[in-house]
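Chain by chain, the residues:
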Amino acid sequence: MNMPNMKQARLRTKNPHKIIKDDYIIPTNVSNIGKNKNYHVITYGCQMNVHDSENIKAILEDMKYKEVNTIDKADIIVINTCAIRENAHNKVTGMLGRIKHLKETKKDIITIFCGCMAQEENYVKNLTQKYKWIDIIVGTHNYHKIPIYLENIMKDKKQEVEVFSIEGDVYENIPVKRDSKYKAWVNIMYGCDKFCSYCIVPYTRGKQRSRDHLDILDEVKKLKENGYLEVTLLGQNVNAYGKDLNINYNMANLLEDVAKTNIKRIRFVTSHPWDFTDEMLDVIAKYDNIMPYIHLPLQSGSNKILKLMNRRYTKEEYINLFNKIKEKIPNVSITTDIIVGFPNETEEDFLETLNLVKKLKYDLAYTFIFSKRESTVAYNMEDLTPLEEKKTRLARLNEVVNENAYANNLKYLNEEVEVLLEDKSDKEGYLMGYTNTMKLVNVKADLSYLGKIVKVKITDVKTWSLDGSLVKELANVR
Ligand code: SAH
Ligand code: SF4
Ligand code: F3S
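Position numbers for residues count from 1 along each chain, tracking the sequence in the order it is written. Following the order in which they are written, the chains are lettered starting with A and the ligands numbered starting with 1. At least 70 in pLDDT is required for a residue's local features to be given in this predicted model, at least 80 for side-chain atom pairs to be given and counted, and no such filter applies to totals for whole chains, interfaces and linings, which use all residues. By convention in this description, side-chain values take in all heavy atoms of the structure and omit both hydrogens and water.

### A few points about the packing of helix 12 (residues 347–360) against helix 13 (residues 387–410)
Phase 1: At a minimum axis distance of 9 Å, the contact between helix 12 and helix 13 shows a crossing angle of 10°. Classified by the angle between their axes, helix 12 and helix 13 sit roughly parallel to one another. Here Glu-347, Phe-350, Leu-351, Leu-354, Val-357 and Lys-358 of helix 12 lie close against helix 13, whose contacting residues are Glu-389, Arg-393, Arg-396, Leu-397, Val-400, Val-401 and Asn-404.
Phase 2: Looking at the contact of helix 12 with helix 13 residue by residue, the class counts come to seven nonpolar, one polar and five charged. Here an angle of 0 to 180 degrees is reported between the N-to-C directions of two axes, which are lines fitted to C-alpha atoms, with helices fitted over the stretch in contact. Going along the chain from the N terminus, every DSSP run of H or I of four or more residues is numbered as a helix, and every run of E of two or more is numbered as a strand. For classification purposes, angles smaller than 35 degrees are called roughly parallel, those larger than 145 roughly antiparallel, those between 65 and 115 roughly perpendicular, and all remaining angles oblique. Contacts are assigned to residue pairs with any non-hydrogen atoms lying within 4.5 Å of each other. Residues were grouped as follows: Ala, Val, Leu, Ile, Met, Phe, Trp, Tyr, Cys and Pro as nonpolar; Asp, Glu, Lys and Arg as charged; and all remaining residues, including Gly, as polar.

### With respect to the site of ligand 1
Phase 1: Among the 15 residues in the neighbourhood of ligand 1, the closest are listed as Gln-236, Pro-297, Gln-299, Asp-337 and Ser-371.
Phase 2: For ligand 1, whose free accessible area comes to 550 Å², the fraction covered by protein is 90%.
Phase 3: Mapped by element, the contributors of at least two residues to the shell around ligand 1 are strand 15 (333–340) and strand 16 (364–369).
Phase 4: Taken together, the residues of the shell around ligand 1 break down into seven nonpolar, four polar and four charged. Whether a residue is near a molecule or strand depends on its heavy atoms: if one lies within 4 Å, it is near. Note on areas: these come from Shrake-Rupley sampling with a 1.4 Å probe, and a residue is covered only by the protein chains present in the view.

### Here we look at the pattern of salt bridges
Phase 1: Here a salt bridge means any side-chain nitrogen of Lys or Arg lying within 4 Å of a carboxyl oxygen belonging to Asp or Glu. Per the stated rule, a full pass over the model turns up 34 salt bridges.
Phase 2: Of the charged contacts, one joins Asp-23 and Lys-145 as a salt bridge, the two residues approaching to 3.4 Å between their closest N and O atoms. Here Lys-145 lies in the loop between strand 6 (136–138) and helix 5 (146–156) and Asp-23 lies in the loop between strand 1 (19–20) and strand 2 (38–43), a separation of 122 residues in the sequence.
Phase 3: When its relative accessible area of 26% is taken as the criterion, Asp-23 is described as partly exposed.
Phase 4: Between Asp-282 and Lys-328 there is a salt bridge, and its shortest N-O distance comes to 3.0 Å. Here Lys-328 lies in helix 11 (residues 315–328) and Asp-282 lies in helix 9 (residues 278–286), a separation of 46 residues in the sequence.
Phase 5: Relative accessible area decides the class of each residue, using a 1.4 Å probe on protein chains only: under 20% of the type maximum gives buried, over 50% gives exposed, and in between gives partly exposed. The class for Asp-282 is partly exposed, based on a relative accessible area of 41%.
Phase 6: Judged by its relative accessible area of 31%, Lys-328 is partly exposed.
Phase 7: Each of Lys-57, Glu-61, Glu-67, Lys-177 and Asp-179 takes part in one network of salt bridges that share partners.

### What about the domain arrangement of the protein?
Phase 1: What counts as a domain boundary in this text is fixed by an automatic or database domain assignment. As far as domains go, the protein holds domain 1 (6–162), domain 2 (170–410) and domain 3 (416–473).
Phase 2: A C-alpha centroid distance of 36 Å is found between domain 1 and domain 3.

### A closer look at the environment of Tyr-171
Phase 1: Mapping Tyr-171 onto the fold places it in strand 8 (residues 170–171).
Phase 2: Each C-alpha atom of the pair Tyr-171 and Ile-20 lies 4.9 Å from the other, and the pair is 151 residues apart in sequence.
Phase 3: Those residues in contact with Tyr-171 that lie beyond four places of it in its chain are Ile-20, Asp-23, His-141, His-144 and Tyr-190.

### Focus on the packing of aromatic side chains
Phase 1: The aromatic pairing rule takes the rings of Phe, Tyr and Trp, using the six-membered ring of Trp, and pairs them if the centres are within 6.5 Å, calling planes under 30 degrees apart stacked, those over 60 edge-to-face and the rest tilted. This structure, assessed with the given rule, holds eight aromatic pairs.
Phase 2: When the centroid spacing of 6.4 Å and the interplanar angle of 85° are considered together, the rings of Tyr-198 and Phe-342 count as edge-to-face. One end of the pair, Tyr-198, is in the loop between strand 10 (189–190) and helix 6 (201–204); the other, Phe-342, is in the loop between strand 15 and helix 12, with 144 residues separating them in the sequence. Here the two residues Tyr-198 and Phe-342 agree in accessibility, since each one is buried.
Phase 3: Taken together, the aromatic side chains of Tyr-198, Phe-342 and Phe-370 make up a single cluster linked through ring pairs.
Phase 4: By definition, being over a ring means that NZ of Lys or CZ of Arg is both within 6 Å of the ring centre and within 35 degrees of the ring normal. Taking the ring centre of Phe-195 as reference, the NZ or CZ of Arg-10 above it sits at 5.0 Å.
Phase 5: The residue whose ring lies beneath Arg-85 is Phe-368, and the NZ or CZ to ring-centre distance is 3.7 Å.

### What to know about the sheet that holds strand 16
Phase 1: Taken in spatial order, the three strands of this open sheet run 14-15-16, and their pairing is parallel. Edge strands, defined here as strands with exactly one partner in the open sheet, are strand 14 (293–295) and strand 16. The average angle at which neighbouring strand axes cross in this sheet is 10°, direction not considered. A pair of strands is treated as paired once DSSP finds two or more bridges between them.

### Considering the packing of helix 11 against helix 12
Phase 1: Interhelical geometry of helix 11 versus helix 12 gives an angle of 10° and a closest axis separation of 12 Å. Here helix 11 is positioned roughly parallel relative to helix 12, judged by the angle of their axes. Two secondary-structure elements touch here, helix 11 through Lys-315, Tyr-318, Ile-319 and Phe-322 and helix 12 through Glu-352, Leu-356, Lys-359 and Leu-360.
Phase 2: Residue composition of the contact of helix 11 with helix 12, by class: five nonpolar, no polar and three charged.

### Here's the deal with the sheet that holds strand 3 (residues 66–67)
Phase 1: Read from one edge of the open sheet, six strands run 3-2-4-5-6-7, paired in parallel fashion. Each edge of the sheet is formed by a strand with only one pairing partner; in this case those strands are strand 3 and strand 7 (160–162).
Phase 2: Bridging between strand 6 and strand 7 involves three bridges; their strand directions are parallel. Following the sheet pairing, Ile-136 is matched in strand 7 by Glu-160.
Phase 3: This element, helix 5, spans strand 4 (76–81), strand 5 (110–115), strand 6 and strand 7 of the sheet and lies at about 155° to strand 6.

Structure below.
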């Protein structure tokens, strides 16, 4: 048993991470345990978790389990959790209740609890005391060991807890079962060393570890050969890619090399303003297959709050970067993340954020009320603003965010755009996909257009999405 330890999770040494290519094995006595059995994976949180779930699915399929789309039919249930805000906990607790209920009638169900909440010391303590029926608790560093944990619980029927609060390494050759046939997540780095004062991620994901660029390029090339049209390069701070490797190769170099594979569409998230270089901007502007879309978290428009958040940039530096991006990349869309109600945020600080958002007119903003996370620096900051006041600030901010989103979308009316039709839409007879600039579009089209990049004329505009119709003669441009 290895329990999480938040103090240890904070440590950062100068030791370089290892790249490990041969640590995934399936013990022979579990190589068939999934035969005629089903699994279901529930995923909360960010793209990192979505992609981890794709790995976990493939690992389960390597033991012959088959995927089903509800927990009711599953023999093994994986719950992949997120710890970013407190309300994530509530959702998970509700789901655990449902699984426990299922287990009362179907005793043999195996439950695996993983993700960022599995890295939280107190939460896991609580799980081991009050949720003894959970079979395996596994942290974010060691999913490739799931077959071994399954073997262990077969043998001794005891709760297996393996969570490592370590800086971490990079594991290659872990199998993946991708949710889409057209677009793929590609990790370029793991972990985070920024330690923004509110954020738990550096504790739950370990230090920043970049993958070797040759492994990344190899993955992209293979995806392209297999018909994939889009890749999203993933990391908490993709712009800092390579900084931990002590080699002369950075995010601009990586973007350029990925662009040269000629895969049709390249995206990347998330961009921390601190590490955004001019060299990157030049590369993005130069290659048509690097999409003109940047997610650039602001967090706050007040320098006082930015400092307390340990964001390492000022409002003025952020505005400069924002303007440079708009100038250099034609038609770029920019989205952001904002936290309201950070400790010590006054009405004046909030107004600075609000006014900045009015000025910058983001395409979209994801807005959150500050949530106290255990072990982070902000956890102990005095916070006198009542929750009701914070909720009002959030609503005021969202009103501006929505106005901006609609005004930006309105520019697309009657324009022709390219869309990768990736799935059925909720609307009957429609498919959905995204423009180069990451606008969600519903398009009237039959299933034969799935997986194609098509020209679409925008016919209607809403706050969160666009409607469009196929430009027939140009449909199927690729
Ligand atoms: N690495 C990314 C952010 C990942 S978390 C970056 O630095 O931009 C996604 C968003 O969740 C953050 O941008 C932040 O706005 C929000 N967030 C993180 N911790 C939070 C907390 N404790 N309370 C409220 N929102 C938080
Ligand atoms: Fe969290 Fe900051 Fe790292 Fe983003 S950069 S993951 S907000 S610590
Ligand atoms: Fe949540 Fe962990 Fe992602 S805390 S946002 S799942 S890195």
